[in-house]
Each structure stands twice: as structure tokens, then as C-alpha cells.
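This is what each chain is made of:
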Amino acid sequence: MPFVYSEMQARHEPDGEVWVGVRTPGTELPQRAERILNALRVAGAAEHVAIDHPDEEALALHDPDLCAYLESAWEEWQASGLKRDPGQNRVVPYLFPHPGLMAGMRPGGPPEPTAAAARAGRFCFDTMTLIGPGTWGGARAAVDVALTAADLVRDGAPAAYALCRPPGHHASSGSFGGSCYLNNTAAAAARLQAGSAGPVAVLDIDAHHGNGAQEIFWTDASVLTGSVHVDPGAGWFPHFLGFGDERGAEAAEGTNQNLALAPGSGDELWLEAIGTLLDWARAGGAAALIVALGVDAAGADPESPLQVSPAGFRAAGSLLAGAALPTVFVQEGGYDLDSIGALVVETLSGFDARRAELSRGSG
């Protein structure tokens with residue numbers, strides 16, 4: 001399977017995160033992409049360099065104000081002096097314009113803050129997603145990676161893999177968080193849907209709910225969004241979304257499907273849920289498939305309590321290939337550096353092996 005990568009993505013260095021008020025080293029590291037890249041090269045996968053896409057294509061799904069903020073946030077932070085006093089070397093939000101704060105007193109919404117410290121919470125919904133000097137360049141390059149992979153499939157490749165970093169599936173049209181800044185998966189879905197004869201299905205198999213694509217396509221019946229993830233009701237990010245009663249709205253009612261798994265779930269339940277999402281997507285007339293490929297459901301991963309094995313990831317790839325649809329894989333989570341590369345290769349190899357079987361059977 002061909003894959004797409006951009007060295008520009010390595011510019012993003014969050015330098016940790018702030019978790020329940022404590023600065024921690026964090027797990028969304030540049031080395032994540034390096035480990036995957038090395039594994040793909042050892043496996044002999046065909047490498048493509050990402051092609052630059054115009055902003056009007058790459059950023060069309062996001063609020064222009066959000067994009068403008070992300071692009072300027074680091075420079076604003078430096079100019080404010082906050083890097084020197086109190087000595088915060090990354091953009092960290094501390095105050096969020098919660099609706100309860102306004103309490104109906106400002107029907108038009110909060111005023112646009114001018115102070116850099118206040119602006120940091122205008123678009124970010126957590127304290128974990130820090131912005132540094134290379135964040136915008138890295139996040140913007142990740143969108144180009146996803147779009148280039150979608151272009152390969154639009155041009156006739158049966159499947160392609162987008163090695164994106166930072167991840168994107170928690171970024172919504174107007175907010176960012178969860179270590180995600182721009183939604184790479186949603187961008188690939190929109191790109192593939194534009195040339196598709198029917199709906200495109202986004203299936204998110206990351207260990208955490210794909211809330212960003214759900215929000216972006218909430219009222220868009222041309223994109224089906226499904227996610228299998230650890231139960232947010234059991235205390236897992238993003239906590240407030242990812243439940244079974246979230247079904248889409250307006251003309252898109254019924255085009256969103258969430259399957260939440262109990263902590264500790266392993267191969268059997270996880271693969272059963274992926275199969276259920278595939279059946280649902282086929283029943284919805286999906287003509288192409290976008291897979292938000294997080295490998296943090298693995299038993300060794302520090303960021304989720306699921307217990308999926310390497311064999312489970314290979315089986316997931318085989319299941320996804322069984323849909324016999326044009327497919328784009330977009331990298332999302334996965335934080336165990338010792339296994340992340342091998343797990344991605346297992347998934348893609350399982351897909352390729354099953355697709356080869358199907359091709360032989362029809363030949």
C-alpha cells in the first residue's frame with residue numbers, strides 16, 4: 001500500500017501537556033511518526049511526498065477564525081511576554097468562555113479577547129493541547145498528507161495510508177484539543193466524497209471517540225461517521241461525547257454511529273464492533289471508506305484501557321478490506337513507541353493480504 005508523509009510534520013513539538021493542572025512529559029511525540037515511518041520503509045511500502053494544497057481546500061471544514069488563531073498563536077504568545085513571565089514556553093489556555101460564564105448576559109457571545117492568555121482558551125477545549133513554534137506548520141502539513149493520500153485513491157489506487165502527525169480526529173470545525181489541531185481524517189473524507197458516486201464512510205477505530213468528524217459532518221448526509229472506542233461514560237476522553245444516542249441531525253439523522261466498549265475489552269469485542277460498523281456503512285450505501293487508524297487500543301498503549309493484540313490489528317485490516325471499497329487510512333493515535341510502527345504495519349498488511357485474496361477470487 002502506498003503511503004504519504006511530510007517532514008514538515010516534525011516541526012510540531014508540544015513539549016508535554018498540562019494534565020489536571022500538572023505539566024507532564026506527554027505522549028504525542030515526534031518519535032511516533034518516526035517509528036511508523038521506519039517500519040513502513042523496512043516493510044518496503046511505496047513512499048509519496050505530500051503535495052501542498054491551497055488553503056481554501058485544506059481548511060474548508062474549519063472556522064476561518066480558528067485557523068487564523070492557530071497560525072498566529074505562537075507569535076502572539078511570544079510578543080505578550082508570557083514566555084518570559086511566568087516562563088511558559090508553550091501556549092497553554094487557562095480560561096475558557098463557558099456558556100455558563102455568560103449566563104445569557106451577552107446574547108451575541110463573548111467579545112473577542114485581545115490578551116494572549118485569554119485568547120488561548122477561545123478555541124481550545126482542554127489544557128493538554130499545547131502550541132509551540134512549529135505547531136501550525138506541522139498541523140497544516142498533516143492535512144496535506146491526508147489530502148494527498150485521498151488524491152492517490154481518487155486517481156485509482158485501491159488504498160493509501162496517510163502518515164499524519166499531529167493527529168486530528170478530536171478537532172472540530174471551530175475548536176481544537178485532544179492533541180489535535182486540524183481534522184486530517186475529515187479533510188480526507190471531504191476530498192474523497194467530492195469525487196464519489198455515493199456517501200463516504202469514516203470509520204474511526206482509535207481507542208477514543210472521533211468527536212471531531214462527528215461534529216463536522218453532523219448534518220451532512222453525504223458522509224457517514226462511525227466510531228468504536230472505550231466508553232466515555234467510564235471516565236475516558238472526550239468524556240462528554242461518544243454515546244449511542246448521538247445519531248446525526250436534520251437530513252443526516254441516522255448517519256452517525258457510536259459503539260462504546262468497556263475498559264479491558266480485547267480482540268473479540270473490538271473486531272465485532274468494527275464488523276458492525278462496516279455492515280452499517282454498507283447498508284448506508286458507502287462508496288468509499290476513510291479509516292481513522294489509531295493503534296492506541298493496543299494492550300501496551302498507555303493512553304487507553306483496551307487490550308487489542310497485534311493479531312487483532314491484522315484482523316481489523318482484513319475486515320476493512322472485505323468491504324471492497326476505495327480506502328484511505330489516516331493515522332490518529334497510538335503512543336507506545338516500542339509497538340506503534342509494528343501495529344500500523346500489521347493493520348495495513350492485513351488489509352493488503354485480504355485485498356489480494358479478493359482480487360484473485362474475482363480474476
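Residues numbered from 1 in each chain as written. Predicted model: local features only at pLDDT ≥ 70, side-chain atom pairs only at ≥ 80, totals over all residues. Heavy atoms only, no water.

**So, the pairing of strand E10 (residues 327–331)**
- Within E10, five of the five residues are buried, which leaves the element mostly enclosed by the surrounding structure.
- Of the two faces of E10, the one lined by Thr-327, Phe-329 and Gln-331 and the one lined by Val-328 and Val-330 are each fully buried.
- Pairing geometry for strand E5 (residues 159–162) and E10, over four bridges, is parallel. Paired with Ala-159 across the strands is Thr-327, a residue of E10.
- Where strand E9 (residues 288–293) and E10 come together, five bridges link them in parallel fashion. Looking at the pairing, Val-291 lines up with Phe-329 of E10.
- Note on the crossover from E9 through helix H10 (residues 310–321) to E10: the handedness is right-handed. (Buried < 20%, exposed > 50% of the residue type's maximum accessible area, 1.4 Å probe, protein only. Helix = DSSP H or I, 4+ residues; strand = E, 2+ residues; numbered from the N terminus. Pairing = 2+ DSSP bridges. Right-handed = clockwise from strand over helix to strand, strands pointing away.)

**Observations regarding helix H9 (residues 267–283)**
- Taking 1.5 Å as the rise per residue, H9 with 17 residues should run 24 Å; its terminal C-alpha atoms sit 24 Å apart, in good agreement.
- Along H9, the residues classified as buried are Trp-270, Leu-271, Ala-273, Ile-274, Gly-275, Leu-277, Leu-278, Trp-280 and Ala-281.
- Gly-285 sits one or two positions beyond H9 and adopts a positive phi of about 80 degrees. (Expected span 1.5 Å × (residues − 1).)

**Details of the sheet that holds strand E6 (residues 200–204)**
- On the basis of which strands lie adjacent, the open sheet formed by eight strands has the order E4-E1-E5-E10-E9-E6-E7-E8 and parallel pairing. What marks the edges here is a single partner per strand, and that holds for strand E4 (47–49) and strand E8 (256–261). Neighbour-to-neighbour, the strand axes of the sheet open up by a mean angle of 20 degrees, direction not taken into account.
- In this fold helix H7 (residues 184–194) packs onto E6, strand E7 (223–230), E9 and E10, with an angle of close to 170 degrees to the strand it touches most, E9. (Axes fitted to C-alpha atoms, helices over the stretch in contact; angles between N-to-C directions. Contact = heavy atoms within 4.5 Å.)

**Brief notes about the packing of aromatic side chains**
- For the coordinates displayed, the defined rule picks out five aromatic pairs.
- Taking 5.2 Å as the distance between ring centres and 90 degrees as the angle between the ring planes, the aromatic pair formed by Phe-329 and Phe-351 counts as edge-to-face. Highlighted residues: Phe-329 in strand E10 and Phe-351 in helix H11 (residues 340–362), separated in sequence by 22 residues.
- You can call Phe-329 buried: its relative accessible area is 0%.
- When the ring centre of Trp-74 is taken as reference, the NZ or CZ atom of Arg-90 above it lies at 6.0 Å.
- It is Arg-122 that lies over the ring of Phe-123; its NZ or CZ is 4.6 Å from the centre. (Phe/Tyr/Trp six-rings, centres within 6.5 Å; stacked < 30°, edge-to-face > 60°. Lys NZ or Arg CZ within 6 Å of the ring centre and 35° of its normal.)

**Regarding the pattern of salt bridges**
- If you walk through the whole model with that rule in mind, you get 16 salt bridges.
- Between Glu-76 and Arg-119 there is a salt bridge; the shortest N-O distance is 2.9 Å. One end of the pair, Glu-76, is in helix H3 (residues 64–80); the other, Arg-119, is in helix H5 (residues 116–123), and 43 residues separate them in sequence.
- What makes Glu-76 partly exposed here is its relative accessible area of 26%.
- A residue is classified by how much of its surface remains accessible, and Arg-119, at 13% relative accessible area, is buried.
- Linking Glu-357 and Arg-354 is a salt bridge whose minimum nitrogen-to-oxygen distance equals 3.2 Å. One end of the pair is Glu-357 and the other is Arg-354, both in helix H11 and three residues apart, which spans about a single turn.
- With relative accessibility at 41%, the residue Glu-357 sits in the partly exposed group.
- Shared partners join several salt bridges into a network, and the residues in it are Glu-76, Glu-112, Arg-119 and Arg-122. (Salt bridge = Lys/Arg side-chain N within 4 Å of Asp/Glu carboxyl O.)

**Topic: the packing of helix H6 (residues 135–154) against H7**
- Where H6 meets H7, the axes come as close as 8 Å, and the angle between the chain directions of the two elements is 30 degrees. Classified by the angle their axes make, H6 and H7 are roughly parallel. Crossing of H6 over H7 shows right-handed handedness. Counted together, Ala-139, Ala-142, Val-143, Ala-146, Leu-147, Ala-150, Asp-151, Val-153 and Arg-154 of H6 and Asn-184, Ala-187, Ala-188, Arg-191, Leu-192 and Ala-194 of H7 form the full contact between these two elements.
- When grouped by side-chain class, the residues that make up the contact of H6 with H7 number eleven nonpolar, one polar and three charged. (Parallel < 35°, antiparallel > 145°, perpendicular 65-115°, else oblique. Left-handed = near helix turned anticlockwise from the far one by under 90°. Nonpolar A, V, L, I, M, F, W, Y, C, P; charged D, E, K, R; others polar.)

Take it as geometry only, folks, not as evidence of what the structure does.
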